[in-house]
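# Summary of the model geometry
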Amino acid sequence: MLTGAVLGAIGSEALHSEATPPAYLIGQIDVSDPDGYAKEYLPKAREIIKAHGGKLVAAAGAAATGSQVVAVDGNPPKRVVIYMYPSMEALRAWRNDPAYVQVRAVGEKYATYHTFAVEGAAN
């Protein structure tokens, strides 16, 4: 019985060590029209992001409530967002979703985007 528990624990550990790391989307966004961005882009974009497992980690700047972007080195962008997705595949599925492609075209009327993604570090 003890052997079974030990083997189960080893198998469980192996599964966790092979788990897909989360992916983080970091966006530096220069918003030219905060009102249009907040009303026409954000609500629809957030729905699609959520549908793909995306979770907001941090947001600051134009069209965000509360905190502002704080410069550490150089000039800060007008807006910064960080989203976490379950995997890089989920992040790519969100970005290539035809519904998001349409919403993004709306967002581009109000903002210029500089986005990139990284996988989370293994623990």
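Structural notes, computed from the coordinates.

Definitions and limits used
Residues numbered from 1 in each chain as written. Predicted model: local features only at pLDDT ≥ 70, side-chain atom pairs only at ≥ 80, totals over all residues. Heavy atoms only, no water. Helix = DSSP H or I, 4+ residues; strand = E, 2+ residues; numbered from the N terminus. Contact = heavy atoms within 4.5 Å. Areas by Shrake-Rupley, 256 points an atom, 1.4 Å probe, with all protein chains shown as cover. Buried < 20%, exposed > 50% of the residue type's maximum accessible area, 1.4 Å probe, protein only. Pairing = 2+ DSSP bridges. Phe/Tyr/Trp six-rings, centres within 6.5 Å; stacked < 30°, edge-to-face > 60°. Lys NZ or Arg CZ within 6 Å of the ring centre and 35° of its normal.

## Side note on the overall build of the protein chain
Secondary structure summary: the protein chain contains four helices and four strands in total. Reading the secondary structure of the protein chain in the N-to-C direction produces α-β-α-β-β-α-α-β. Counting only contacts in the protein chain whose residues sit at least 6 apart along the sequence, the fraction spanning at least 24 positions is 79%. A total accessible area of about 7900 Å² is found for the protein chain, and carbon and sulfur atoms account for 58% of it.

## Things to note about the pairing of strand S3 (residues 79–85)
A one-sided burial pattern is seen for S3, the buried positions being Arg79, Val81, Tyr83 and Tyr85 and the unburied ones Val80, Ile82 and Met84. Bridge count between strand S1 (residues 23–31) and S3: seven bridges; the pairing is antiparallel. Looking at S3, one finds that glycine 27 is bridged to valine 81.

## A short note on the packing of aromatic side chains
This model, assessed by the stated rule, comprises five aromatic pairs. Consider the rings of tyrosine 37 and tyrosine 41, whose centres lie 5.1 Å apart with planes at 35 degrees: the pair is tilted. With a gap of four residues between them, tyrosine 37 and tyrosine 41 both fall in helix H2 (residues 34–51), about one helical turn apart. Among the residues examined, tyrosine 37 registers a relative accessible area of 1% and is labelled buried. Joined through ring pairs, the aromatic side chains of Tyr37, Tyr41, Tyr85, Trp94, Tyr100 and Tyr113 make up one cluster. The aromatic ring of tyrosine 113 is capped on one face by arginine 104, whose charged end is 3.8 Å from the ring centroid.

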